[in-house]
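One-letter residues, chain by chain:
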Amino acid sequence: MFSYRHAFHAGNHADVLKHFITIQLLQYLNQKDVAYSYIDTHSGAGVYELDGAFASKNAEYDTGIGRLWELTDMPAPVKEYVDLIRAMNPSGKMRYYPGSPYIADQVAREQDRLRLFEMHPADAKLLADNFRKLEEHAAAQGIRPTVRGKRVLVNRSDGFASLKALLPPPSRRALVLIDPPYEDKQDYKKTKDALAEALGRFPTGTYAVWYPLLQRMESRQFADKLKQLPAAQWLNVVLTIKKPMPDGVGGLHSSGMFILNPPYTLEPMLKEVMPWLVKALGVDAGARFTLESGTQTTGMRNSAERRPPVRQKNIVKST
């Protein structure tokens, strides 16, 4: 149950996809003064040492942030993501990589609330320690909270089970990130069930789900099952960096982000950024992206033309 450690995979191509999109979702929420909640059901340790024993074992960051580190000409959304990571590595050497909680802490505002959940005992302790150090550093700089209540709460508990108690949030604004390990195939069902219940409690929230594309049936069918959930709109983006190998040999080749109730700005941004990202991270001719969007009422891609429900895809292959 506790075998998965994200430190082995920190900064890989899947993290690039997940984190640059997460930043854009948070920045969209930042456009309004009203506070929001950021809820992370599977938070991990918060910060990872890329030169540590776990991350350096397979050096998966070389498939992701490592390829972007020295680049200077990149789309603005990617640059914003890379600049955030560079800021936590002031020496210029790529040593530390942020998890989703740290990214949310840096992008969200003082009035926004972070609710973080992690079940792994070691990672839960690291997560709490990392945020305690952030608070101590702020206090040493003379920075004091100006809003009431605890901005960041770290909980060693099941994020799936804990989610329902937080919805709807007091401000009726929230981003929920669901990112389980998927080592247990039940995580696919748990994710879909948690989303169905969450939408019943808070139908207007934004829900972002990261998932791997693997050989197992649950993975291949996952996105299509999420499209059946009663959200007003959905968006699905998949990044593939190389041709899949038989039986999963060669490591993770593709991952996706499925967003329920996405901001209207997200799809046009991805249309511009994903071709660049495919070229930057692609390993062979199998590199590509898929971008789909639809509505719960029509089951088809947004369009002024009314026609029978179909699934349409924009696919770009590296050259």
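Rules used in this analysis
- Residues numbered from 1 in each chain as written.
- Predicted model: local features only at pLDDT ≥ 70, side-chain atom pairs only at ≥ 80, totals over all residues.
- Heavy atoms only, no water.
- Helix = DSSP H or I, 4+ residues; strand = E, 2+ residues; numbered from the N terminus.
- Buried < 20%, exposed > 50% of the residue type's maximum accessible area, 1.4 Å probe, protein only.
- Contact = heavy atoms within 4.5 Å.
- Expected span 1.5 Å × (residues − 1).
- Arc of directions from axis to C-beta.
- Phe/Tyr/Trp six-rings, centres within 6.5 Å; stacked < 30°, edge-to-face > 60°.
- Lys NZ or Arg CZ within 6 Å of the ring centre and 35° of its normal.
- Core = buried A, V, L, I, M, F, W, Y, C linked by side-chain atoms within 4.5 Å.
- Salt bridge = Lys/Arg side-chain N within 4 Å of Asp/Glu carboxyl O.

**What to know about the overall build of the chain**
For step 1, the next point in the chain: The secondary structure content of the chain amounts to ten helices and eleven strands.
For step 2, the next point in the chain: Counting only residues that meet the buried cut, the chain has 51% of its 319 residues in that class.
For step 3, the next point in the chain: Across the chain, every contact between residues at least 6 apart in sequence was considered, and the portion connecting residues at least 24 apart equals 78%.

**A closer look at helix 8 (residues 186–201)**
For step 1, the next point in the chain: Taking 1.5 Å per residue, 16 residues should reach 22 Å; helix 8 reaches 23 Å between its end C-alpha atoms and fits that length.
For step 2, the next point in the chain: Here helix 8 has its buried residues at Asp187, Tyr188, Thr191, Ala194, Leu195, Ala198 and Leu199. With its buried residues spanning 130° around the axis, helix 8 presents them on a single face.
For step 3, the next point in the chain: Of the surrounding secondary structure, the elements contacted by the buried residues of helix 8 are helix 7 (159–163), strand 6 (174–178), strand 7 (206–212), helix 9 (217–226) and strand 9 (254–260).

**Describing the environment of Ala45**
For step 1, the next point in the chain: Along the polypeptide, Ala45 turns up in the loop between strand 1 (37–40) and strand 2 (47–49).
For step 2, the next point in the chain: Taking the relative accessible area as the measure of exposure, Ala45 reaches 1% and is therefore buried.
For step 3, the next point in the chain: As a C-alpha pair, Ala45 and Ser100 span 55 residues in sequence and 9.3 Å in three-dimensional space.
For step 4, the next point in the chain: Each residue touching Ala45, except ones within four places of it in the same chain, is listed here: Asp123, Leu126, Leu127 and Asn130.

**Here we look at the packing of aromatic side chains**
For step 1, the next point in the chain: This model, assessed by the stated rule, comprises seven aromatic pairs.
For step 2, the next point in the chain: An aromatic cluster is present here, built from Tyr182, Tyr188, Trp210, Tyr211 and Phe222 joined pairwise through their rings.
For step 3, the next point in the chain: The ring of Trp210 has Lys18 lying over it, and the distance from NZ or CZ to the ring centre is 5.5 Å.
For step 4, the next point in the chain: Here Arg86 stacks its cationic end above the ring of Trp69, 5.9 Å away from the centre of that ring.

**Things to note about the nonpolar core**
For step 1, the next point in the chain: Among the nonpolar cores identified, the biggest contains 88 residues, and Phe20, Ile21, Ile65, Tyr81 and Leu270 are the most heavily contacted of them.
For step 2, the next point in the chain: Excluding residues within four positions of it along the chain, Phe20 makes contact with Asp15, Pro77, Tyr81, Met269, Leu270, Val273, Met274 and Leu277.

**Quick word on the pattern of salt bridges**
For step 1, the next point in the chain: Applying the stated rule across the entire model yields 13 salt bridges.
For step 2, the next point in the chain: Between Lys18 and Asp179 there is a salt bridge, with the nearest N and O atoms lying 2.5 Å from each other. Here the residue Lys18 occupies a position in helix 1 (residues 13–29), and Asp179 occupies one in the loop between strand 6 and helix 8, the gap between them amounting to 161 residues. By the burial criterion, Lys18 is buried, and Asp179 matches it.
For step 3, the next point in the chain: Close ionic contact of Asp51 with Arg95 constitutes a salt bridge, the shortest N to O distance being 3.0 Å. Of this pair, Asp51 sits in the loop between strand 2 and helix 2 (53–58) while Arg95 sits in the loop between helix 4 (76–87) and strand 3 (96–98), and the two are 44 residues apart along the sequence.
For step 4, the next point in the chain: Since its relative accessible area comes to 39%, Asp51 is described here as partly exposed.
For step 5, the next point in the chain: Among the ionic contacts, a cluster of salt bridges with common partners joins Asp15, Lys18 and Asp179.

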